[in-house]
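Descriptive analysis of the structure
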Amino acid sequence: FNYYLIERSRAVLNEMKKTVDKINENIQILKKTANADLVKEVMDAYLSLHEDNKKYVVDYDAFTEAMLKVNGVVVDIDSYIPNEITETVTLTQSINGVNVKWETSDEKLLVIENNEMKLNKAYQNHTKKTEKVSVSFEYQGFPVTISKDVTIGAIVHKDIITSPVAAYVNIGAMSHYEAYN
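These figures come from a predicted structure and were not determined experimentally.

What follows concerns the pairing of strand E9 (residues 142-152). Here E9 shows a buried face lined by Phe-142, Val-144, Ile-146, Lys-148, Val-150 and Ile-152 and an unburied face lined by Pro-143, Thr-145, Ser-147, Asp-149 and Thr-151. When strand E1 (residues 84-85) meets E9, the two strands line up parallel, connected through two bridges. Across the sheet, residue Glu-84 finds its bridge partner in E9, namely Thr-151. In terms of strand pairing, strand E8 (residues 129-139) meets E9 through 11 bridges, oriented antiparallel. Bridging across to E9, Val-133 finds its partner in Lys-148.

Once that is clear, we can look at the packing of aromatic side chains. Overall, the coordinates contain six aromatic pairs when judged by the stated rule. Both rings, one in Phe-63 and one in Phe-142, keep their centres 5.5 Å apart while their planes meet at 75°; by these two values the pair is edge-to-face. Residue Phe-63 is found in helix H3 (residues 60-70), and its partner Phe-142 is found in strand E9; the two are separated by 79 residues along the sequence. Counting every residue linked through ring pairs, the aromatic cluster contains Tyr-46, Tyr-60, Phe-63 and Phe-142.

Tracing the chain through its elements places Glu-84 in strand E1. Residues Glu-84 and Asp-149, 65 residues apart in the sequence, show an inter-C-alpha distance of 9.1 Å. Look past the residues within four positions of Glu-84 in its chain and what remains in contact with it is Lys-128, Thr-151 and Gly-153.

Conventions we followed
Residues numbered from 1 in each chain as written. Predicted model: local features only at pLDDT ≥ 70, side-chain atom pairs only at ≥ 80, totals over all residues. Heavy atoms only, no water. Buried < 20%, exposed > 50% of the residue type's maximum accessible area, 1.4 Å probe, protein only. Helix = DSSP H or I, 4+ residues; strand = E, 2+ residues; numbered from the N terminus. Pairing = 2+ DSSP bridges. Phe/Tyr/Trp six-rings, centres within 6.5 Å; stacked < 30°, edge-to-face > 60°. Contact = heavy atoms within 4.5 Å.

Remember, this is a structural readout, not a statement about activity or role.
Structure below.
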């Protein structure tokens, strides 16, 4: 009886591996040419996978990009997020009638609340930094995430135009210095 279960499990695992391999092969084809029939085939195969096996699908983003393309859905993240973040950015809550969720790679530096992405100056430093801003939504039952790298400008202090500049240091405690024996 145990042998039967082992063989049955092995057969199921091999079938899932074949399905995942076929999905990955088709995604490579979709990267070159978006074909509606092939997208539908990948969609059906992906939905048939157990959740644990979905992590083995390579380049899921290329698949979702092809899926959106063949269905005429355009999500141009560049039209919503500038290349360099220097001030508050107003975020849309729906794209093409689909509700979206915005996320950042550093939630302390780029804070998202009340449909706005604000630059938290307390976490900004003196050098330019690259962060990732992502928009996530569900399309035809598939989670889709589109990301963009953005530059966070360095903190720039205004030049001091008057001179001289002086610093005063209190050394009063040193006036009663005695040699230690």
